[in-house]
Amino acid sequence: MVPVGRSGFATGAAEGLNSPCRGVWFVRVRSEADMEFLTPNVVPVLAGPMSAFIALLPAILAALGGLILALLKPATMKKLAQLLWRQKLPVACVVAVVFGLVYGLPMLMPGGGPEVQAEEKGAADWPMFRGGLDRRGAALGAVGPNGGGVNWSYTEEFKTFYSSPSVVGNRVYATSTALTSFSDSGAILCFDADTGGVVWKCVPKGYRSTFSSPAIAGNRLVVGEGLHVIKDARVFCLDIENKGKVLWSYATKSHVESTPCIWKDRVFVGAGDDGYYCFALEPGADGEAKVLWHVGGEQFLDCETSPVVVDGKVIVGLGMGGKALVCLDAESGKEVWRLPAPYPVFGPSTVAGGKIFFGMGNGNFIEDAETVMAKELEKMRKAGKSIKEMAEAQKTLGPIGEIWCVDLATGKKEWDFKAKRTVLGAVAAAADRIYFGSRDGFVYCIGFDGKELARWNAHAAIVTSPALTDTHVYVVTETGKCYGLTAGDLEPAFEATLGFTGPFLSSPAVARGRVYVGSQDDGLLCIGQHAEAETKKAGGPCWAGYFGGPGAGGCVDGQPLPERGKFGWRFPAESPAEGEPAQIFAAPPAHLKGQLYVPVSGARKGVLCLPDGADAAPEKETWFAEMPNGVTQSPAAVGDTIYAIDGQPDDAKRALRCLDAKTGVARWTREIAGDAPGMLALLDDRILAADGAKTLSAFDSDGQVLWTRELGAVKHAPAAVETMIFVSVSEPPALAALDRPTGKVLWRVKLDAAPQSGPLLRKGVLLLGTDKGVSAREIVNGAERWLAAGGGVTGNALALDRNRILYVSAAGELVSVDAENGAVLAKVPEALPGVPPLVSRGAVLFATATGLNRLGAGEPEAQLWTKTSWLGKFTSPPVLAASRVYFGTDKRGWICAKAK
Amino acid sequence: MKILKWLLAAALVIACTSAGRALINPNFTPLHLVKQSDLILELEAPAKFENLKGTLAIKAVLKGKTDAKAVVIDTGSWTEEEDVPVMEPLFLKSKGKPILMFAGKYKVVTPKGEVKEAEEKALFNVQGEWVPAAKMEDGAWDVKKIDGHMKYTWDGGPDMLLRGVKYALGDEDPQFPSVVESSWEQHAEAGKFEGDVTGACPVEVGGKILLHVAAEKGDRLFSCDTKGKKLDDATAASKLAAHSQAFCWTDLDGDGDADLASWDGKALTLHRQNLDGTFAAASAKLEGAVLEGVLNLCAVPSAQAGKPALAAAAATATVLLLPKDGDAYEAKPLPAGGDQPNFGKAGDCLSADLDGDHHADLLQTFEKGSLLYKGQGGGAFAAPAACAVALGEGGRHAFVGDFDMDGLLEVCTPNRAGSELWQNHGEGKFTPEIVYCGEMRYVDALGRISGLTADFNNDGRQDAVLFYAQHVPHFFFNRGFRAFGHAHLLDIAQWRTEPEDQQGQRAGALLDIDGDGRLDVAVVRNGGALVSLCQKAKGDAGLGVALRVKAGAAAGPVNVVAWREKRCLGAWRVAPGEAGAFVGATEAGPMTLKWQLPGGKPASEEVIVEDGVLRFEIK
């Protein structure tokens, strides 16, 4: 009975193994009897040989054609050869040019992928799992993110990363996985930490999907190979300076899921059923791996943990068969002491303050204790064991987890701490306390004396190791959430969705204000920013105004849109009594750094600050900034500042207000005209506001007017480049380019009708929503380049998704336009005019008369995402924040819809 | 020779059928089938086969277009050596039942995840069997053999598949559940029972849902410790002192609270609930017929407002206990039907609106049949009509549920020797359909002793839980339209190997012990221990509506039909004084509840299920 995981592979104990234990098992289903536990969405990836065959098909056909020609018409072949010989110089030139184009150009222009910056020298090594003895999984002195979404993700060649990234300076190292029905391959990759560009990639011959993470010391990188079922996994040592050239490799007789530990000139690593190995870091004189000692699997059963070496002692754990913590002499491999444990020890040991901390328990990375127990009992049953024996065995197989503290010097246990379920990841140690996650869904903080200091419920199993900075601890759950918690009291301060398809086995690494972590389908991810660092530099994250700014599509954190949605919660929780006025949520909110800034009018007037990402309705709002008229347009947010326009046309005493994002307290107020459209947009260094009926003004961050220009009624957000601002004017209809520093009109073209959106800049072309469709215009003079007549744009916004422009037409269609040439790619019916589409990672969410429909990337038809008609009519278009969708309704207020 | 051929055919059918056991393919459900079909037809059975060809008239085009009026099938490709007449009888015997034909190019993903890119073909569903067919040059469809693997997709009746297809084509978000992903937390032992245990059920006492376990050596009430996820004995606090061999909960005195009528083998005692949730016992004064050998009790409407009558199933007759003043009841045997002598031993009597006329009926079950006393309002019952519902030899219990979601309650009769599910066609007509009920038919089919209906996976469909004499209980989730899947992860055997768990149950009930909006289970093992297991589900707390009928609003059970937009979730039997019914919801949104009280007008109300479990009371 092997549970089937995603991608059509079983995730469970390998058939024939007596002791299912820690590790990442991917076994193909073998019999129908195995199909008893079925999980949905099992869709195998058809790749491998077929893809290769298709790729080689032209060459094969050409070769076959040549062969047939040579056999049937040898004279023709001879003449062809003679001709080629006579024209040898031109032919040689052509061959050289083709060769240069094929091989040389990519070397000069490497793939058009993200930029790779020069390597920063002098950074600390990452010589073992989680970077050091204290297993903090963070670069020295690193700060972690407290906001932001995805900075970059690498999915080009590999989408799956089970290993935990290792970070040295501005380089991130990880091993990848590509497991399909036909193939099993992997690679060792080095990335630019800031851009995600691939610095080098090493694919040793036959290298397979790998869980082991790279250990780095100096110019050497050592890593294992394979997943749990591999029987001949190798250990590799690479030369980092030489773009990952393999220095040596060694084939073990089992799997190497353990992450090596480099200590002095030695490498220590576990090899599953083949014991622990110690290699010389440098190859022997013959260029081969040099085994210094090896303790076999007979005495050291199930060597899965990642070793740690301190004071000449190698500390390792033994899993299912062994159930012990063992200390070996680093020089000789001789056993110094052995501490038996009641459960399999899969958690790598952490050394801090003269103590060893490690986790243990029942269950593994894929299966909880009950599943493992059921399998064990089933095996016993099949082996003819009595019910009494099974009952006895059951007592030790139930869900349990423990952390032990052991004296490093003596190997004596000092205390233990019990969790409800197993602890598989490493413990991260601070000066006087440790942090760890458990399969029971909690993140624990325990003092060095064993007393619990804090715990936080993640509501999902944690099988990964936490990353610890001086102020925060970062954890990744089985459900693909990455949380940042305050280190003191484990209060959530950051949250990001890594993806929706598990398993999530990669532990986060923190460096450069960001989290680096692998995922199942979304590749290697770099997520989050550190607010204080980001606000100081231009180009930091911001919500630029209506719908996130030109082209943003209602999402700026780059987090994925769930496949299906459902109602999550509403705010306020209760509807007003009959006859009582309701709060009106008339415009989309601003979203930044874990907070939503919701414009409110009606019964309450102002800006409401709510936390994003909550699965249940927040018990109370973060703050509410009251304003006399109420806010009916989207605020803008950057750094620690919120901007909002108080009131709508014809209201008295309207104003542009600047608020403190943390408290909602007003910083400054600038009056605007009562008849002003009130459009508000944020650029890097200034705020633009339509502060008069016909004027547009630029303000600096202190509220000082930089310039005011009379242009006509500006109702849509402008777009900007470094020196210019592009504005669509509704009355009289026009498109204008302004000098960014002065506001001087550089050019202005008349439009046939009022524009339906602000301009959007893409590759030096302005894209404008009109009553006919999308008009592409030259940046230098506003001349029309092409018109995509897909139907009039509604909803005041165009959304840009890679090469597509998306909008909802007046005819009620979701229109997709090729951003390069204006070709109308698709029209999807049933869209609700006036509500712009939400776009994230290729998926589009659009409103219909009855709900929200989702059009996945590459899918021909939209699917119902969730019904909303029972909530009332949309009063504001949906935006995506932390993978939740937020929108206003007329019956039930502010709605959060989340993954179903 | 001919007989041999027929025997071979029968063996082949059985072999093919058995291949489809114990599996639901989540990768190719009826939804995939309908989506990938270019043409779906409802056909009529051929009148005959001529030259190995049969003509099936097209009754309805469900999807796609065709100008044809009939579909021709050809069984001729069956070679002489293997000339087993499987197809012809299969199609011919389908007369009066729908035959469905699906045609298209199917990308079947097997349960293993293998993708089978098939050629264009047709799939016929005939009498619940799947027959693939290829198109021949003359336009006929070449039918060869039964494909057992397609039962992984649908293993229900063709009539239900027809409804399922219409649902898949018409609903905006159709679902055919393939799996229940929840499992159980650690079990908690709440107590031990000596002697016989005659039943268990949730009941509302003092505004809280408690578990009542009826036992000959003393009934007990257990309160739910939501934090501790366990049951606590609350018998002493409730002052309930009953020794029930047969019992029923109802509002005996019309005060709105649940009271217990308990038969201890000798006498009937009325345990009335006080305002503070305690109970006061009083012996019922029985007049008229002598009451003895009571098997079970149920509440039925009476002529006296606010006071229900009680029906007692006894070995010799069904006795109606009509309320009189105070604690007095007049015992009046119900007339027996002409067929009763042939029905064998009596079992449970059930009170429910079985014919959909909004009056509670009384069904007295027997081993070989049953008597249906149709309710006529005002406590009156019509003369009994013989009914097909039979308990089977040695059977004792039955329970109702609207498993095909049509507004009429089916009857399930679990039996050690083989259970049955009786499809309700209205007006007292029932047909046995267990062979078309998916995995409920064959997953540990023997040894069942009792069961209950409950929506344990919160999807709004009525599921079935079956208890066993010498086995762990089984949970069968309704895939919709009376086809059940076995909830493997909820099979306690996966987690518990204690000898007692394997040795059957005396009684069991489902109630929300931990307050997470999902039903948990409590069973009294054969060994006497009461254990509870809380459901451990992924995701948020469960959503749903807890339905109640306020005592006094109706004198007997009422059918409440729940709707989610255009989709009927079926009828729930809700009786005053009982704990009510729980209709789950997979996600928040509106639910429309429709009912009609006896003598009243049709009523409906839209409720919004938004967060947790919404309590809805019909007043």
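Throughout, residues of each chain are indexed from 1 in the direction in which the sequence is written. Whichever chain is written first becomes A and whichever ligand is written first becomes 1, with later ones labelled in order. Per-residue local features of the predicted model are confined to residues with pLDDT of at least 70, and side-chain atom pairs are confined, for both listing and counting, to 80 or more; whole-chain, interface and lining totals are unaffected and use all residues. Excluded from the side-chain calculations are hydrogens and water; all other atoms, namely the structure's heavy atoms, are used.

K.L.:
Which residues make up the overall build of chain B, and what are the values?
P.N.:
A count of helices and strands for chain B gives six helices and 46 strands. With a 1.4 Å probe rolled over the protein chains alone, any residue whose accessible area is under 20% of its type maximum counts as buried; one over 50% counts as exposed, and the rest are partly exposed. By the burial criterion, 61% of the 619 residues in chain B qualify as buried. Two residues form a contact once any of their heavy atoms are found within 4.5 Å. Sequence-distant contacts, at least 24 apart, represent 54% of the contacts inside chain B between residues at least 6 apart. Where accessible areas are quoted, they stem from the Shrake-Rupley method and a 1.4 Å probe; at the residue level, only the protein chains shown are allowed to cover. Accessible surface, chain B as shown: approximately 23600 Å² in total, 51% of it carbon and sulfur. Strands here mean DSSP runs of E at least two residues long; helices mean DSSP runs of H or I at least four residues long; both are numbered from the N terminus.

K.L.:
Would you mind going over the overall build of chain A in detail, with residue names and values included?
P.N.:
What chain A contains, in helices and strands, is six helices and 68 strands. When the 900 residues of chain A are sorted by exposure, 60% land in the buried category. Considering only residue pairs separated by 6 or more positions, chain A has 51% of its internal contacts joining residues 24 or more positions apart. With an accessible surface of roughly 34700 Å², chain A has 55% of that area assigned to carbon and sulfur atoms.

K.L.:
For the sheet that holds strand β43 (residues 641–646) of chain A, give the residues involved together with the corresponding values.
P.N.:
Residue and element names in this part refer to chain A. The criterion for strand pairing is that DSSP finds at least two bridges linking the strands in question. Spatially, the five strands line up as an open sheet ordered β35-β42-β43-β44-β45, and their pairing is antiparallel. At either end of the open sheet lies a strand with only one pairing partner, and these are β35 (542–543) and β45 (666–671). Sheet topology places β35 next to strand β42 (residues 636–638); two bridges connect them, and they run antiparallel. Within β42, the residue paired with C542 across the bridge is V638.

K.L.:
For helix α4 (residues 158–170) of chain B, give the residues involved together with the corresponding values.
P.N.:
Between its terminal C-alpha atoms α4 of chain B stretches 18 Å, which fits the 18 Å expected from 13 residues at 1.5 Å a residue. Looking only at α4 of chain B, the buried set comprises P158, M160, L161, L162, G164, V165, Y167 and A168 of chain B. A helix is expected to reach a length of 1.5 Å times the quantity of its residues less one.

K.L.:
How would you sum up the pairing of strand β13 (residues 266–270) of chain A? Please name residues and give values.
P.N.:
All names here are of chain A. Most of β13 sits out of view: five of its five residues are buried. Neither face of β13 is exposed, since R266, F268 and G270 on one face and V267 and V269 on the opposite face are all buried. Summarising the sheet, strand β12 (residues 261–263) and β13 pair through three bridges and their orientation is antiparallel. Of the residues in β13, the one forming a bridge with C261 is F268. Hairpin connection, β12 to β13: the antiparallel pair is bridged by two residues, and K264 has positive phi, about 55 degrees. With five bridges joining them, β13 and strand β14 (residues 276–280) adopt antiparallel strand pairing. The residue of β14 that forms the bridge with V269 is Y277.

K.L.:
Can you lay out the packing of helix α4 (residues 369–382) of chain A against helix α5 (residues 387–397) of chain A for me, pointing to particular residues and giving the numbers?
P.N.:
Residue and element names in this part refer to chain A. Interaxial angles span 0 to 180 degrees and are taken between N-to-C directions of axes, which are lines fitted to C-alpha atoms, for helices over the stretch in contact. For the pair α4 and α5, the least separation of the axes is 10 Å and the interaxial angle reads 160 degrees. Of the possible angle classes, the one that applies to α4 and α5 is roughly antiparallel. The hand of the α4/α5 crossing is right-handed. Side by side, α4 and α5 meet where A369, M373, E376, L377, M380 and R381 of the first sit next to E389, M390, A393, Q394 and L397 of the second. Residue polarity is assigned by list, with Asp, Glu, Lys and Arg as charged and Ala, Val, Leu, Ile, Met, Phe, Trp, Tyr, Cys and Pro as nonpolar; anything else, Gly included, falls into the polar class. Classifying every residue of the contact of α4 with α5 by side-chain character gives seven nonpolar, one polar and three charged. By definition in this entry, angles of less than 35 degrees are roughly parallel, angles greater than 145 are roughly antiparallel, angles of 65 to 115 are roughly perpendicular, and the rest are oblique. Crossing handedness is read from the near helix: turned anticlockwise from the far helix by less than a right angle, it gives a left-handed crossing, and turned clockwise, a right-handed one.

K.L.:
Help me get a handle on the sheet that holds strand β10 (residues 197–205) of chain B, residues and values and all.
P.N.:
Residue and element names in this part refer to chain B. A sheet is described by the order of its strands in space; here four strands give the open sequence β10-β11-β12-β13, paired in antiparallel fashion. Of all strands in the sheet, those with a lone pairing partner are β10 and β13 (230–233), marking the two edges. Taking each pair of neighbouring strands and ignoring which way they run, the sheet shows an average axis angle of 30 degrees. Where β10 meets strand β11 (residues 208–215), eight bridges bridge the pair, whose relative direction is antiparallel.

K.L.:
Lay out a nonpolar patch on the surface with the relevant residues and their values.
P.N.:
Residues qualify for a patch when their relative accessible area is over 30% and they have no salt bridge, like charges being joined within 9 Å and the nonpolar side chains of Val, Leu, Ile, Met, Phe, Trp and Tyr within 5 Å. We define a salt bridge as a side-chain nitrogen of Lys or Arg found within 4 Å of a carboxyl oxygen belonging to Asp or Glu. A contiguous nonpolar surface patch, about 640 Å² in accessible area, is contributed by L61, L64, L67, I68, L71 and L72 of chain A. Tracing the backbone through its elements, the reader meets I68 of chain A in helix α1 (residues 49–72).

K.L.:
Tell me about the environment of V205 of chain B, residues and numbers included.
P.N.:
Residues and elements named next belong to chain B. Considering the arrangement of structural elements, one finds V205 in strand β10. A relative accessible area of 6% places V205 in the buried class. When the C-alpha positions of V205 and G277 are compared, they lie 5.6 Å apart, and in sequence the two are 72 residues distant. Not counting residues up to four positions away in its chain, the partners in contact with V205 are L210, Q273, G277 and F279.

K.L.:
Kindly report on unusual backbone geometry, identifying the contributing residues and their values.
P.N.:
All names here are of chain A. With an omega dihedral of -5 degrees, the bond running from F571 to P572 counts as a cis peptide bond. Omega for the bond connecting E731 with P732 falls within 30 degrees of zero, at -5 degrees, which places this linkage in the cis form. Within the chain, N796 stands out as a residue other than glycine whose phi angle is a positive 65 degrees. With respect to the secondary-structure elements, N796 resides in strand β58 (residues 793–801). N796 sits in the partly exposed class, given a relative accessible area of 40%. Even without a glycine there, the phi angle at E830 is positive, about 75 degrees. Here E830 is to be found in the loop between β61 (824–828) and β62 (838–840).

K.L.:
Lay out the nonpolar core with the relevant residues and their values.
P.N.:
V885 of chain A together with L547, M591 and L593 of chain B are the most contacted members of the largest nonpolar core, which has 41 residues in total. With four residues, strand β40 (residues 543–549) of chain B is the single largest residue contributor to this core. In this structure L547 of chain B touches V560, W572, V574, A579, G580, A581, V583, L593 and F616 of chain B, once residues within four positions along its chain are discounted. Definition used in this section: a nonpolar core is a set of buried Ala, Val, Leu, Ile, Met, Phe, Trp, Tyr and Cys residues joined via side-chain atoms within 4.5 Å. Counting residues in each nonpolar core, the second largest holds 36 residues, with C303, A324, I356 and M360 of chain A among its members.

K.L.:
Talk me through the pairing of strand β20 (residues 309–314) of chain B; I want residue IDs and the actual numbers.
P.N.:
Residues and elements named next belong to chain B. With six of its six residues buried, β20 lies for the most part within the structure. Side chains A309, A311 and A313 of β20 all project onto a buried face; the interleaved residues L310, A312 and A314 project onto the opposite face, where all are buried too. Examined bridge by bridge, strand β19 (residues 294–300) and β20 share six bridges and lie antiparallel to one another. Across the sheet, V300 pairs through a bridge with A309, a residue of β20. In this structure, β20 lies alongside strand β21 (residues 318–323), joined through four bridges in antiparallel fashion.

K.L.:
Account for the packing of aromatic side chains, with residues named and values stated.
P.N.:
Under the pairing criterion, centres of Phe, Tyr and Trp rings, with the six-membered ring standing for Trp, must be within 6.5 Å; the plane angle then separates stacked pairs below 30 degrees from edge-to-face pairs above 60, leaving the rest tilted. Counting across every chain of the model gives 46 aromatic pairs over all chains. Ring centres of W595 of chain B and F616 of chain B lie 5.7 Å apart, and the angle between their planes is 65 degrees; on these two criteria the pair is classed as edge-to-face. Remark: F616 of chain B occurs in strand β46 (residues 613–618) and W595 of chain B occurs in strand β44 (residues 589–596); sequence separation between them is 21 residues. Classification of F616 of chain B by relative accessible area gives buried; the value is 8%. A network of ring pairs unites the aromatic residues W152, Y154, F161, F191 and Y516 of chain A as a single cluster. Geometrically, a lysine NZ or arginine CZ counts as sitting over a ring once it is within 6 Å of the ring centre and also within 35 degrees of the ring normal. Over the ring of F129 of chain A we find R130 of chain A; its NZ or CZ atom is 5.8 Å from the centre of that ring.

K.L.:
Can you break down α5 of chain A residue by residue, with the values?
P.N.:
All names here are of chain A. Every buried residue belonging to α5 is among M390, A391, A393, Q394 and L397, and all of these are buried. Mapping the buried residues of α5 onto a view down its axis gives an arc of 165 degrees, with all of them on the same face. Along α5, exposed side chains directed more than 90 degrees from the buried face belong to K388 and K395. For α5, the secondary structure elements touched by its buried residues are α4. Picture the helix axis, draw a direction to every C-beta atom, and the arc is the one those directions span.

K.L.:
Break down the environment of A380 of chain B for me, citing the residues and quoting the values.
P.N.:
All names here are of chain B. Mapped onto the elements of the fold, A380 is located in strand β27 (residues 380–381). Overall, the relative accessible area of 33% leaves A380 in the partly exposed class. Taking the C-alpha atoms as reference points, A380 and D361, separated by 19 residues in sequence, lie 9.7 Å from one another. Not counting chain neighbours up to four residues away, the residues in contact with A380 comprise K374 and G375.

K.L.:
Outline the environment of R441 of chain B, listing residues and values.
P.N.:
Summarising the element assignment, R441 of chain B is placed in the loop between β32 (430–432) and β33 (448–454). Side-chain polar atoms of R441 of chain B contact the side chain of D155 of chain B, separated by 3.4 Å. Any N or O atom pair separated by 3.5 Å or less is treated as a polar contact, with the protein-specific requirement of one donor-capable and one acceptor-capable atom, and with residues adjacent in sequence counted only for side-chain atom pairs.

K.L.:
Tell me what's going on with the confidence of the model for chain B, and back it up with residues and numbers.
P.N.:
Residues and elements named next belong to chain B. One confidence number per residue, pLDDT, is output by the predictor and ranges from 0 to 100. On average, residues of chain B score 89 in pLDDT, and 93% of them reach the 70 mark or higher. Of the regions scoring below 50 in pLDDT, residues 4–22 engages in 26 contacts with residues more than four places distant in sequence or in other chains. Predicted complex metrics record ipTM = 0.74 and pTM = 0.68.

K.L.:
Break down the side chain of R762 of chain A for me, citing the residues and quoting the values.
P.N.:
Relative to the assigned elements, R762 of chain A resides in strand β54 (residues 760–762). A polar contact of 3.0 Å, which involves the side chain of R762 of chain A, links it to the side chain of E820 of chain A.

K.L.:
Can you break down the confidence of the model for chain A residue by residue, with the values?
P.N.:
All names here are of chain A. On average, chain A scores 86 in pLDDT, and the residues at 70 or more come to 90%. The low-confidence segment residues 1–52 (pLDDT under 50) makes 158 contacts with residues lying over four places distant or belonging to another chain. Residue range residues 533–539 is modelled with pLDDT below 50. Its contacts to residues more than four positions away, or to other chains, number ten contacts.

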